[in-house]
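Structural overview for review
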Amino acid sequence: MTARAGLRARLPAGLGLNLGVLALLALLVAAPLMTILMQTLDPERIGAWSDVLASPLSRNLFWLPALNTMALGLGVAAGCVLIGGFLAWLVVMTDMPFRGLVGFLATLPFMIPSFATALAWGTVFRNGRVGGGGGLLEGMGIAVPDALAWGMTPTMIVLIAHYYALGFTVIAAALATVNGDLVEAAQMTGASRRRVLFGIVLPVVMPALIAGGSLCFAGAVSNFAAPALLGLPVRMQTLSTRLFGMIEIGQVERGYVLAILLIGLSAVFLALGNRLLAGRRSFATISGKGGRARRFALGRARGPLTALALLICLVTTILPILLLIAASLAPMASSLFSGWTLHFWIGEADPAFARGQAGIFNNPQLLRALTLTVAIGAVVAFLANVIGILVAVALTRHRLRGISEAVSQLSFLPMLLPGIAFGAAYIALYGAPIGPLPALYGTSVLLALALTAAMLPFAVQTGRATVAQISGDIDEAARLTGAGFFRRIGAITLPLASRGLLASLLLCFVNVISDLAIVVLLYTPTTPLLSVLSYRYASDGFHQFANAVTLVILSISTLAAGLATLLRGRNRPWLSS
Amino acid sequence: MRTAILSACLTLPLAAPGLAQDLDALPPADLLPLAQAEGKVTVYAFTSRIGRVETAFEAAYPGIDMVGFDMSSTEMIARLRSEAGAGIANADVIYVSDAPLVLSELLASGLIAPYVPPRVAAALPDSAKAPLLQQRLSTKVLMYNEESYPDGAPVGNLWDLTREEWSGKVVMVDPLQRGDYLDLMTEIVLRSDEMATAYEAAFGQPIALDEGVADAGRQFITDLFQNDVVLFGSTDDVNVAIGAKGQEAAPIGFTSYSDRRDNEDEGWALQVANEVVPANGIVFPALLALNPEGQNPAAARLAIDFLMGDDSETGGEGFAPFYVAGDWATRNDITPHPDAIPLAEFNGWQIDPQQTAPIRAEVADLILQLQ
């Protein structure tokens, strides 16, 4: 006992925790990454590195796509933090009407698949360059320039419209925990609204801004659907379209090299974000006391700002959802708003229609896929967030040189790895039995493990932003009274972080149930998931059916978001003024 | 550990190499009891149509559970490789497209093995029996909009696509995003002699190659990209671009002949340009193979036999999901689909995957530089 206490005293505080999470991340993230890296270092394949970096091909294979990718990532991150932050501020801190509605709508775009948002853009702005008829604007006789129809501008706008919800979710969670006492004190000493905003609110939500920005950045640089739909017709390639293409045409090593470079580049930007975060002494504002601040009165700006917020939300949610619905009802993809039928949803098999395919609700697999998807989503969201909180506590409370940087980077990687590479690495690593451990191949455990790893970026980023706000004083006080690590987590950190945690659970859940890339490599017939079902329909050209399944996924996500809003409301009645 | 698993597999009576060869010669009637003893067969397929095969197979051979997985050819290759690396033999039958890739990535490393059911061997041309069994043939060929061009295809020669009037009006999937389009480009290079002849037919003079361009095929690809060919991410987008009705001067481009069967459902006017010289594109196989380490060798062979179709005119239930206008059975005793041009009259190049494989990557590099 005394020997242990003595050892403890000599070791830096939190070393055990840090090493523990590092070991977890090594198993879940570093090992698969190493598997991928080793494949590119194989003597027969190592030439892929010079092909990519220093050959006549490099320009089109890596440099131009890399430039596009980083521009896209930075633009989207900035746009998302701006729009997400603006909406979060309106919803959480001001007296804007329809706050509940806006708060709900602003979480939705992220749940709508980005291809639907890109499709919505095309429906409006498509021009004649690529045949197939123009979009709505050209239909009205308005010429659409190529730059607005294809390439960087539309891709960036579509990705902002998709990912700002991430920024909103993370920032709103942080804003809601801003200590009312601070704001009140400032207001009583006569500080202006602007001063309160820039002097108090902004600094304390800085971790959330950075977390949100980083997530949006990672989402944008790894997104495939939007640049593939809107960029390829003008030959705009990003690292993600390039690396998927390379894997698809069998040049797997080049694809993996591009993935590793994408990780490297993103790590540089992430490190800058971390530097910013670490540069500040403390963001702690939740001290376990203090109430909510009074809401800012918007005054004359109330009307216009409300209209703007509603407009942003409606355009980015209703439009793509309407399009998805139309695409699940219209027999012809080329005229989405005519001849609607419910066949694709509830029809009986009829050889004269849709090649005899019955509606999705007549697919015996649907119900099983639905329950399994929700179950796996819930389990994975829970697991990822347990690890996420541990990592976040280790990173904010017990920073240790070297280890912390590794932990921080590792927990961010999965978002940038192509799912197919990640899935393949998991089979290679954990498919066969290891020592006394049984083979995980073909079990839903393997699927859940891989998905948990893939969700870590969301859990860790959100966790960090929240934990960073919680004052260490309470924790310290509890420790002095003899409370153990897990007791402190359970009794202090978790309750205080509940808002952020809820947001993160939602993000993970939504992501898991719509994930395809990892799932398709690891699923078994005993674990059919909704995303696989949707893929099956789409891969054989049954788009209406695929869109219908996508809408089912979207409905589950929306229900989850609604539930989260309800829970939040009960937890803290902040939505009512 | 891996060797332990391998040797464990090899000592299993049914997986013994000698017996496997015996199995190859058995007719379906003799395979059936062995397969029923195994009770199960797992198929990795690149199409969801395997679901319909599953139902038909289980009805035809009660007592054998067919388990179908569908995933893209790329995903299948990744999965098979990592499964083999982990000593797992989950799949029994592999049904896959992307032949050139399959030959170099799977067959060459022994991850899959050939099998030709003796029942249908006599009805197959040699090219459909080796190096792997070919079940059916699909296409990536030049298609046009028959509403926009009611008098027939607006081009008669592939080289027409490089003319100014088609600038920005030729569409296809990015050959660096989809293997079958890369195979198409590769075939054009392999057929450089024919391309050179066609050039002369189009422009009335022998082809003059640009500096650094090795042959007529590569010159065509170069010219096509310089003529602002429009690239998409998927064939669906290509089909809409070419086929959507109500277009005044629709683009032309490369897609699947069999997609024409969706014309009515989708409101398209897709039609194949079959009179184009030297050819309108490529005809390529879907392959069937065994997993040499598979745990159900008899059921695997029975399943492949079933997928090749029965002795009726259209191949019966096993082949029904694949009996569509615009695809062709490799078996010469299955009647061609009445709604499509028969293979013999179709003007596409039938690819030889063994020829395509070696230069495919090099053609990809050429395209990479052109983009």
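Residues numbered from 1 in each chain as written. Chains lettered and ligands numbered in written order. Predicted model: local features only at pLDDT ≥ 70, side-chain atom pairs only at ≥ 80, totals over all residues.

- An unreviewed UniProt entry lists chain B under the name Iron ABC transporter substrate-binding protein, from Cereibacter changlensis JA139.

- Going by what an unreviewed UniProt entry lists, chain A is known as Iron ABC transporter permease and is assigned to Cereibacter changlensis JA139.
- In the Sequence similarities (unreviewed entry) part of its UniProt record, chain A is described as follows: "Belongs to the binding-protein-dependent transport system permease family." (UniProt positions renumbered as here; feature names shortened; annotations may be inferred.)

**Describing the overall build of chain A**
- Looking only at helices and strands, chain A features 26 helices and zero strands.
- Taking 25 Å as the expected radius of gyration for a compact globule of 577 residues, we find that chain A reaches 24 Å, a close match to that expectation.
- Structurally, chain A occupies a C-alpha span of about 80 × 65 × 50 Å along its principal axes.
- In chain A, which comprises 577 residues, the share counted as buried stands at 54%. (Helix = DSSP H or I, 4+ residues; strand = E, 2+ residues; numbered from the N terminus. Rg over C-alpha atoms; globule rule 2.2 N^0.38 Å. Buried ≥ 20, exposed ≤ 12 C-beta atoms within 10 Å, placed from the backbone.)

**Structural notes on the overall build of chain B**
- Tallying secondary structure elements over chain B gives 15 helices and 11 strands in all.
- Over its C-alpha atoms chain B spans a radius of gyration of 22 Å, differing by no more than 12% from the 21 Å that the globule rule assigns to 371 residues.
- Across its three principal axes, chain B shows a C-alpha extent of roughly 65 × 45 × 30 Å.
- Of all 371 residues assigned to chain B, the portion counted as buried reaches 54%.
- Expressed as a percentage of contacts within chain B between residues at least 6 apart in sequence, the contacts between residues at least 24 apart total 77%. (Contact = placed C-beta atoms within 7 Å.)

**So, the packing of helix α2 (residues 15–41) of chain A against helix α17 (residues 365–397) of chain A**
Residues and elements named next belong to chain A.
- Packing of α2 against α17 brings their axes to within 9 Å, and their N-to-C directions diverge by 135°. As the angle between them shows, α2 and α17 are arranged oblique. At the point where α2 passes α17, the crossing takes the left-handed sense. For the pair formed by α2 and α17, the contact residues are Leu17, Asn18, Val21 and Leu24 on the first element and Ile387, Leu390, Val391, Val393 and Ala394 on the second. (Axes fitted to C-alpha atoms, helices over the stretch in contact; angles between N-to-C directions. Parallel < 35°, antiparallel > 145°, perpendicular 65-115°, else oblique. Left-handed = near helix turned anticlockwise from the far one by under 90°.)

**A few points about the interface of chain A and chain B**
- Taken together, the contacts link 41 residues of chain A with 51 residues of chain B.
- Of all the secondary-structure elements, those providing two or more residues to the side of chain A that touches chain B are α4 (58–93), α12 (225–230), α13 (239–248), α19 (419–430), α24 (517–522) and α25 (530–539) of chain A.

**Here's the deal with the environment of Ile200(A)**
Residues and elements named next belong to chain A.
- With respect to the element layout, isoleucine 200 can be found in helix α11 (residues 193–222).
- Note on isoleucine 200: 20 C-beta atoms within 10 Å, which makes it buried.
- Sequence separation between isoleucine 200 and proline 418 is 218 residues; the distance between their C-alpha atoms is 40 Å.
- Residues in contact with isoleucine 200, not counting those within four places in the same chain, are Leu182, Val183 and Ala186.

**Considerations on the domain arrangement of chain B**
Residues and elements named next belong to chain B.
- Taken domain by domain, chain B holds domain 1 (2–136 + 285–340) and domain 2 (138–283 + 352–370).
- When each unit is reduced to the centre of its C-alpha atoms, the spacing between domain 1 and domain 2 is 32 Å.
- Between domain 1 and domain 2, the contact holds 13 residues from the first and 14 residues from the second.
- If one sorts the elements of the side of domain 1 that touches domain 2 by residue count, helix α6 (residues 99–107) sits on top with five residues.
- Taken together, the residues of the side of domain 1 that touches domain 2 sort by class into eight nonpolar, two polar and three charged. (Domains from an automatic or database assignment. Nonpolar A, V, L, I, M, F, W, Y, C, P; charged D, E, K, R; others polar.)

**Section: unusual backbone geometry**
Residue and element names in this part refer to chain B.
- Omega for the peptide link from alanine 130 to proline 131 comes to 0°, which places this bond in the cis form.
- With an omega of -5°, the peptide bond running from valine 277 to proline 278 counts as cis.
- A positive phi is found at aspartate 98, a non-glycine position, where the angle reads about 55°.
- Looking at where aspartate 98 falls in the secondary structure, it is placed in the loop between β3 (93–96) and α6.
- The buried category is assigned to aspartate 98, around which 27 C-beta atoms lie within 10 Å.
- One non-glycine residue with positive phi stands out, namely aspartate 228, at about 60°.

**As for the nonpolar core**
All names here are of chain B.
- Tyr95 and Ala303 are the most contacted members of the largest nonpolar core, which has 318 residues in total.
- Residues lining this core come from more than one domain, with at least three contributed by each of domain 1 (2–136 + 285–340) and domain 2 (138–283 + 352–370).
- The residues contacting tyrosine 95, other than those within four sequence positions of it, are Val43, Tyr44, Ala45, Phe46, Ile50, Ala286, Leu288 and Leu307. (Core = buried A, V, L, I, M, F, W, Y, C linked by C-beta atoms within 7 Å.)

**So, the environment of Val43(B)**
Residue and element names in this part refer to chain B.
- Mapped onto the elements of the fold, valine 43 is located in strand β1 (residues 40–45).
- Each C-alpha atom, one on valine 43 and one on aspartate 236, is 27 Å from the other, the two residues being 193 residues apart in sequence.
- Setting aside its immediate chain neighbours within four residues, valine 43 contacts Ile50, Met66, Val67, Gly68, Asp92, Val93, Tyr95 and Ala303.

**With respect to the confidence of the model for chain A**
All names here are of chain A.
- Averaged over all residues, the pLDDT of chain A equals 83, while 91% of them reach at least 70.
- Confidence, expressed as mean pLDDT per element, reaches its minimum in chain A at helix α1 (residues 2–10) with 52 and its maximum at α4 with 94.
- Across residues 571–577, confidence stays below pLDDT 50; counting only partners more than four residues off in sequence or on other chains, it has 10 contacts. (pLDDT = per-residue confidence, 0-100.)

**Notes on the environment of Ile263(A)**
Residue and element names in this part refer to chain A.
- Tracing the sequence through the fold places isoleucine 263 in helix α14 (residues 252–279).
- Through-space distance from the C-alpha of isoleucine 263 to that of asparagine 362 is 43 Å; in sequence the pair is 99 residues apart.
- Discounting residues that sit within four places of it in the chain, isoleucine 263 has contacts with Leu413 and Leu416.

**Structural notes on the pairing of β1(B)**
All names here are of chain B.
- Within β1, five of the six residues are buried, which leaves it mostly tucked inside the rest of the structure.
- Taken together, the six bridges between β1 and strand β2 (residues 65–70) define a ladder with parallel strand orientation. By the bridge assignment for β2, tyrosine 44 is matched with phenylalanine 69.
- The parallel pair β1 and β2, bridged by helix α4 (residues 50–60), forms a crossover whose chirality is right-handed.
- Bridge count between β1 and β3: three bridges; the pairing is parallel. Counted as the bridge partner of tyrosine 44 is isoleucine 94 from β3. (Pairing = 2+ DSSP bridges. Right-handed = clockwise from strand over helix to strand, strands pointing away.)

**Here's the deal with helix α11 (residues 235–243) of chain B**
- Most of α11(B) is tucked away: eight of the nine residues are buried.
- Taken as a whole, α11(B) has its buried residues at Thr235(B), Asp237(B), Val238(B), Asn239(B), Val240(B), Ala241(B), Ile242(B) and Gly243(B).

**Here's the deal with the packing of helix α6 (residues 114–125) of chain A against helix α15 (residues 302–329) of chain A**
All names here are of chain A.
- Where α6 contacts α15, the two axes come as close as 8 Å, and the packing angle between them is 90°. With respect to each other, α6 and α15 are oriented roughly perpendicular. Contacts between α6 and α15 involve Ala116, Thr117, Leu119, Ala120 and Thr123 on the former and, on the latter, Leu319, Pro320, Leu323 and Leu324.
- Considered class by class, the residues forming the contact of α6 with α15 number seven nonpolar, two polar and no charged.

**Regarding the confidence of the model for chain B**
Residues and elements named next belong to chain B.
- Confidence in the prediction for chain B averages 91 pLDDT; 94% of positions are at 70 or higher.
- Below a pLDDT of 50 lies the segment residues 1–17, which in the model reaches 11 contacts outside its immediate sequence neighbourhood of four places, other chains included.
- What the predictor reports for the complex is a pTM of 0.87 with an ipTM of 0.87.

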